[in-house]
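Listed below are the residues making up each chain.
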Amino acid sequence: MQARYVQVDKAGAPLKLVTREVSEPRVGEVRVRVEACGVCHSDSATVDGLFPFISYPRVPGHEIVGKVEAVGDGVPQWKVGQRAGIGWYGGHCRRCEPCRRGDLIACQNPLIPGLIYDGGYADYVVAPTEALVAIPDSLKSVDAAPLLCAGITTFNALRNSAAKPPDTVAILGMGGLGHLGVQFAAKMGFNTVAIARGADKEQFAHELGARHYIDSTVTDVAGALQKLGGAKVILATVTDADAMSAALGGLGYSGEFVIVGIPAKPIQAEVPGMVLQRKSIHGWPSGTSIDSEDTLKFSEITGVLPLIEKYPLERAAEAYERMMSGKARFRVVLETGA
Ligand SMILES: [Zn+2]
Ligand SMILES: [Zn+2]
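Everything numeric in this text was worked out from a predicted model, so none of it was measured. (Residues numbered from 1 in each chain as written. Chains lettered and ligands numbered in written order. Predicted model: local features only at pLDDT ≥ 70, side-chain atom pairs only at ≥ 80, totals over all residues. Heavy atoms only, no water.)

A. Structural context of the packing of aromatic side chains. Scanning all chains against the criterion turns up five aromatic pairs. A centroid spacing of 5.0 Å and a plane angle of 10 degrees characterise the contact between Phe 51 and Phe 53, whose relative ring orientation is stacked. Residue Phe 51 is classed as partly exposed on the basis of its relative accessible area, which comes to 36%. A relative accessible area of 48% means that Phe 53 is categorised as partly exposed. Connected via pairs of aromatic rings, a cluster forms that spans Phe 155, Phe 184 and Phe 298. (Phe/Tyr/Trp six-rings, centres within 6.5 Å; stacked < 30°, edge-to-face > 60°. Buried < 20%, exposed > 50% of the residue type's maximum accessible area, 1.4 Å probe, protein only.)

B. Local environment of the nonpolar core. Within the largest apolar cluster, 41 residues are counted, with the highest numbers of intra-cluster contacts made by Leu 158, Val 169, Met 174, Phe 184 and Leu 296. Elements supplying a minimum of two residues to this core: α3 (141-159), β8 (168-172), α4 (178-187), β9 (191-196), α5 (202-207), β11 (231-236) and α9 (289-302). The element contributing the most residues to this core is α3, with nine residues. Residue contacts for Leu 296: discarding those within four places in its chain leaves Val 133, Ala 134, Ile 135, Pro 136, Leu 139, Ala 144, Leu 147 and Leu 148. Listed in part, the 38 residues of the second largest apolar core include Ala 3, Val 32, Ile 86 and Met 323. (Core = buried A, V, L, I, M, F, W, Y, C linked by side-chain atoms within 4.5 Å. Helix = DSSP H or I, 4+ residues; strand = E, 2+ residues; numbered from the N terminus. Contact = heavy atoms within 4.5 Å.)

C. Main features of the coordination of the zinc ion (ligand 1). Coordination of the zinc ion (ligand 1) by the protein is provided by Cys 40 (SG), His 62 (NE2) and Cys 149 (SG), with metal-donor distances spanning 2.0 to 2.2 Å. Along the chain, the residues donating to the zinc ion (ligand 1) are arranged with the sequence spacing C-x21-H-x86-C. Of this pair, His 62 sits in the loop between α1 (44-47) and β4 (64-71) while Cys 149 sits in helix α3, and the two are 87 residues apart along the sequence. This pair shows no difference in class: His 62 is buried, exactly as Cys 149 is. (Donors = N, O, S within 2.8 Å, 3.2 Å for Na, K, Ca; no water.)

D. Representation of helix α7 (residues 241-248). When α7 is considered as a whole, its buried residues turn out to be Ala 241, Met 244, Ala 247 and Leu 248. Buried residues of α7, viewed axially, fall in a sector of 130 degrees; they line one side. Those residues of α7 that are buried lie in contact with β8, α6 (221-227), β11, β12 (251-259) and β13 (280-283). Where α7 begins, the capping side chain belongs to Asp 240, and its oxygen is found 2.9 Å from the backbone nitrogen of Asp 242. (Arc of directions from axis to C-beta. Polar contact = N/O pair within 3.5 Å; in protein donor to acceptor, adjacent residues only side chain to side chain.)

E. Geometry of the coordination of the zinc ion (ligand 2). Those protein atoms acting as donors to the zinc ion (ligand 2) are Cys 93 (SG), Cys 96 (SG), Cys 99 (SG) and Cys 107 (SG), and they sit at 2.3 to 2.4 Å. Considering all four donor atoms around the zinc ion (ligand 2), the spread of angles at the metal, 101 to 119 degrees, places the coordination shape in the tetrahedral class. Mapped onto the sequence, the donors of the zinc ion (ligand 2) take the spacing C-x2-C-x2-C-x7-C. (Tetrahedral: all angles 85-135°; square planar, octahedral: opposite > 155°, others 65-115°.)

F. Representation of the packing of α3 against α9 within the structure. In contact at an axis separation of 9 Å, α3 and α9 are set at 95 degrees when each is read in the N-to-C sense. Considered as vectors, α3 and α9 are oriented roughly perpendicular to each other. Seen from α3, the contacting residues are Ala 144, Leu 147, Leu 148, Gly 151, Ile 152, Phe 155, Asn 156 and Arg 159; seen from α9, they are Asp 291, Ser 292, Asp 294, Thr 295, Leu 296, Phe 298 and Ser 299. Across the contact of α3 with α9, the residue classes tally to seven nonpolar, five polar and three charged. (Axes fitted to C-alpha atoms, helices over the stretch in contact; angles between N-to-C directions. Parallel < 35°, antiparallel > 145°, perpendicular 65-115°, else oblique. Nonpolar A, V, L, I, M, F, W, Y, C, P; charged D, E, K, R; others polar.)

See the structure below:
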């Protein structure tokens, strides 16, 4: 059987639509017919060759939703026709220290779809069963897809943070991750503060559930957060190191600065207050397939959904450029099958 794949032939090469043979699932694997795949900034790791361990040609995409279409041996829990998703967590090595301690998302040799094996810019994906996520019937595939990376990353970072309702939680940035982070924070019962650039995003921030909005182009972000009593958690979804550094001073007593966006340069911190008021900075790496199922269930219960722009698979290169431009509102999704 032949099918369409959008692949990168080598680091730095453009995305290219090709037709090639579909591979069979081996023991412990399933083949999913892709219905939707989100386009994530991390896909640039594959396109630009940011990691030496990526081998080419490689098909990007790690926000995959579709239907199980073939099942390998040793997979009793999945049946042909069931809807399934695959996110950033695509399997683990079973031998590194985090794996041996059961902390699978921190695996030091992670099997990331789109980087280590072919991802969702395609008609089909073959993945190990531990990566699979059950999709609630009420969620459309195009809506569920971004929840498997942008969604889980913000949801899981917030629910594992120090914040408890009704603490003040600030979401720094209102892009693909941030617009979901604001919704999750509001639905979790936090006093939610959205921080973004420009007055034009304020109305939308309130529509997403933010009680407060800080326009970082005209306001001292740290000072504004301190006026609100200081944030228990600031979730940094931006990739701008200076924006992160400017927000850090907005933490309240014992606050946590949780980073899910990856800036190109170091951030700066005023240390004395961090020591005396026991504040911390730490990163958060999405979550496993069961965390994704929790994210989807939470979305189903509370109505948190991504705002998306849809492109057909054959326009994947254009969709990728749109995402990289930073102008997408707010998440780009490839709509592939029916
Ligand atoms: Zn991603
Ligand atoms: Zn491992």
